[in-house]
Amino acid sequence: MKITPVLLAAGQGTRMKSKLPKMLHKICGQPMVFYALDAARAVSTETPVVVVGHGAEAVQDAVGEAARFVIQEEQFGTGHAVMQAESLLSGGQTDLVLVTYGDMPLLRAETVQKLVAAQKANPGPMSLLTVIAEDPRGFGRIFRKADGTVAAIVEEAQADSSQLAIKELNVGAYCFRSEWLWAALKRIPLSPKGEYYLTDTVALAIEANLPVQAIVMDDMIETIGVNSRVHLAEAEAAMRQRINIGHMLNGVTMIQPETIYIEAGVKIGCDTILWPNTYLHGKTSIGEDCVLGPNSIIRNTKIGDRCKVLMSDLESAVLENDVDMGPFARLRKGAHLGNHVHMGNFGEVKDSHLSEGVKMGHFSYIGNAEIGANTNIGAGTITCNYDGEKKHPTTIGEDVFIGSDTMLVAPLTIGARSRTGAGAVVTKNVPEDTLVVGVPARAIKKLDKK
Ligand code: UD1
Ligand code: MG
């Protein structure tokens, strides 16, 4: 049976008070519409159809190939929005149409799956999700007949006081028999607000004596819809907790998990320990047995096994295994630290490769450099890589000892096993096994090979 997801994402989101379309506001690092798309994809291999309107181009750009798009030029309600998909899906293109709203990011794939399964078993034309809750949040109310079967959805604006008291709410996820849906949409009456409500399809089915199946959910959290920035914060908090619980169940230890922020899609290996105020953003992956934080921000970075990162800021970097860094270290784009590198306090590395066993204990800047294995970078060392116009490279060999406060004026090469004296300003290439000192530095001695 062919099931095609249709995602409604054309609304303006007026209450967000934002220049950005509501669908692109991020929850745990990901535009909210992506969560609804993920859930849709989990239940169907058909490419989802996204109905876009406000900010259509921006939404299309963000979603890209992952969906087909139809445009709802003017927003005349959720029923009108679904009608826009008719040309793509009628005439036997699909058996079932699964409609969800793009502003409901916490709805789980498992729940959507239950909805689809219910409709597959339903002799009638549609099934929907409902939830029983004390706080109605402006949701439509589920009106049932005396025998307990669903009779209609009454929108809050149209409900009388007895209907307003109903605790069973319309979540906003439906599964329809395709051909019935297209015919029914044409018969929806215009609401007093001038909109065509998708929810009026329920009454149409009931009038025709066709059963509507309601699946009552028990987790209110899944139904959080985002209409304002207050809801956005609520949804973000719930999603953050869900992500953290997922990692803990996979073997990650978190000290004070409520202070730890991990974006969707981050990977963390078993027995890694996260201390408070650790932030893992974007395409970050962490290996096993690491200790991260407290107070670290790690973005788009790949970290191997057994690494330690204490109070540090890492961006677009790679750490191999057994790297130990911080407190107060900073890695910028293109920093690559090999196995067993040690980087202590107040160091900054950008576009540089530190080979296995390099030690850089204190107050250094390394940019556009290649550093050989087991070299020691003394306190206060700086690669002077920028001449005001261009960046220049520095290459340092293996087993080099760079003395404290050395200025390495690039472009520059320092041969293996050489040493620089404290405070040297090195402006010329240094051969292997050579000691240079002074300002500007000059060779004073050939060293015995180790
Ligand atoms: C809707 C339901 C309500 C349900 C609630 C759950 C209707 C008529 N009412 O109300 O029963 O309890 O969701 O959150 O469906 N959209 C379009 N085009 C439009 C209008 C809306 O694409 O012309 C999209 C919006 O972008 C949004 C979704 O449809 O993603 C829901 O629209 P919204 O206006 O938020 O409906 P609610 O008033 O929340
Ligand atoms: Mg809404």
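One can find the structure itself at the top, above this paragraph.
The rules behind the values
Residues numbered from 1 in each chain as written. Chains lettered and ligands numbered in written order. Predicted model: local features only at pLDDT ≥ 70, side-chain atom pairs only at ≥ 80, totals over all residues. Heavy atoms only, no water. Near = heavy atom within 4 Å. Polar contact = N/O pair within 3.5 Å; in protein donor to acceptor, adjacent residues only side chain to side chain. Areas by Shrake-Rupley, 256 points an atom, 1.4 Å probe, with all protein chains shown as cover. Helix = DSSP H or I, 4+ residues; strand = E, 2+ residues; numbered from the N terminus. Expected span 1.5 Å × (residues − 1). Buried < 20%, exposed > 50% of the residue type's maximum accessible area, 1.4 Å probe, protein only. Contact = heavy atoms within 4.5 Å. Pairing = 2+ DSSP bridges. Core = buried A, V, L, I, M, F, W, Y, C linked by side-chain atoms within 4.5 Å. Domains from an automatic or database assignment. Patch = residues over 30% accessible without salt bridge, like charges linked within 9 Å, V, L, I, M, F, W, Y side chains within 5 Å. Salt bridge = Lys/Arg side-chain N within 4 Å of Asp/Glu carboxyl O.

**Let's talk about the site of ligand 1**
Neighbouring ligand 1 are 23 residues; Gln72, Thr78, Tyr101, Glu155 and Asn170 lie closest to it. Interatomic distance of 2.7 Å between a side-chain N/O atom of Glu155 and an oxygen atom of ligand 1. Within the complex, 86% of the 750 Å² of free accessible area of ligand 1 lies under protein. The set of elements that each furnish at least two residues to the shell around ligand 1 consists of strand S1 (3-9), helix H3 (78-83) and strand S10 (168-177).

**Structural notes on helix H9 (residues 229-249)**
Compared with the 30 Å implied by 1.5 Å per residue over 21 residues, the 30 Å span of H9 between its first and last C-alpha is a close match. Among the residues of H9, those classed as buried are His231, Leu232, Ala235, Glu236, Ala238, Met239, Ile243, Asn244 and His247. Residues of H9 that are buried make contact with strand S2 (26-27), helix H1 (32-43), strand S12 (253-254), strand S13 (261-262) and strand S14 (267-268). Of the residues that open H9, the one with a side-chain oxygen 3.2 Å from the backbone nitrogen of Val230 is Ser228. Positive backbone phi, approximately 100°, marks Gly251, located one or two places after H9.

**A word on the sheet that holds strand S21 (residues 308-309)**
In a beta sheet, neighbouring strands are held together by backbone hydrogen bonds and run either parallel or antiparallel to one another. Taking strand neighbours across the sheet as the criterion, the 12 strands line up as S12-S15-S18-S21-S24-S27-S30-S33-S36-S39-S41-S42 in an open arrangement whose pairing is mixed. The sheet is open, and its two edges are formed by S12 and strand S42 (442-446), each paired on a single side. One ladder, built from 2 bridges, connects strand S33 (residues 376-377) with strand S36 (residues 401-402); its direction is parallel. Within S36, the position partnered with Asn376 by the bridge is Phe401.

**Quick look at the nonpolar core**
Membership of the largest hydrophobic core comes to 58 residues, with the highest contact counts inside it found for Ile303, Leu331 and Leu337. Listed by contribution, the elements that provide at least two residues to this core are H1, H9, strand S26 (335-337), strand S32 (369-371) and strand S38 (412-414). For this core, the element with the most residues is H9, which contributes 5 residues. Both domains that meet at this core, namely domain 1 (3-129 + 170-208) and domain 2 (351-450), each give it at least three residues. Look past the residues within four positions of Leu337 in its chain and what remains in contact with it is Val318, Leu319, Glu320, Val323, Met325, Leu331, Met343, Val349 and Leu354. Within the second largest apolar cluster, 33 residues are counted, among which are Leu8, Ala81, Val150 and Val212.

**Focus: the sheet that holds S14**
Strands sit in the order S14-S17-S20-S23-S26-S29-S32-S35-S38 across an open sheet of 9 strands; the sheet is parallel. The strands lining the two open edges of the sheet, one partner per strand, are S14 and S38. Here strand S20 (residues 302-303) pairs with strand S23 (residues 318-319) via 2 bridges, running parallel. Counterpart to Lys302 in the pairing with S23 is Val318.

**Concerning the environment of Leu337**
Relative to the helices and strands, Leu337 resides in strand S26. Judged by relative accessible area, Leu337 falls into the buried class, the value being 0%. C-alpha of Leu337 to C-alpha of Ile303: the two residues are 34 residues apart in sequence and 9.5 Å apart in space.

**Comments concerning a nonpolar patch on the surface**
Taken together, the side chains of Ile245, Met248 and Leu249 make up a nonpolar region of the molecular surface, amounting to roughly 290 Å² of accessible area. Tracing the backbone through its elements, the reader meets Met248 in helix H9. With relative accessibility at 32%, the residue Met248 sits in the partly exposed group.

**Thoughts on unusual backbone geometry**
Pro294 follows Gly293 through a cis peptide bond whose omega is 5°. By the secondary structure assignment, Pro294 is in the loop between strand S18 (291-292) and strand S19 (296-299). The step from Val439 to Pro440 runs through a cis peptide bond, and the omega angle for that step is -15°. Positionally, Pro440 belongs in the loop between strand S41 (434-437) and S42. In the Ramachandran plot, Arg137 falls in the positive-phi region, its phi being about 50° despite a non-glycine side chain. If you trace the backbone, Arg137 turns up in the loop between strand S7 (126-132) and strand S8 (141-144).

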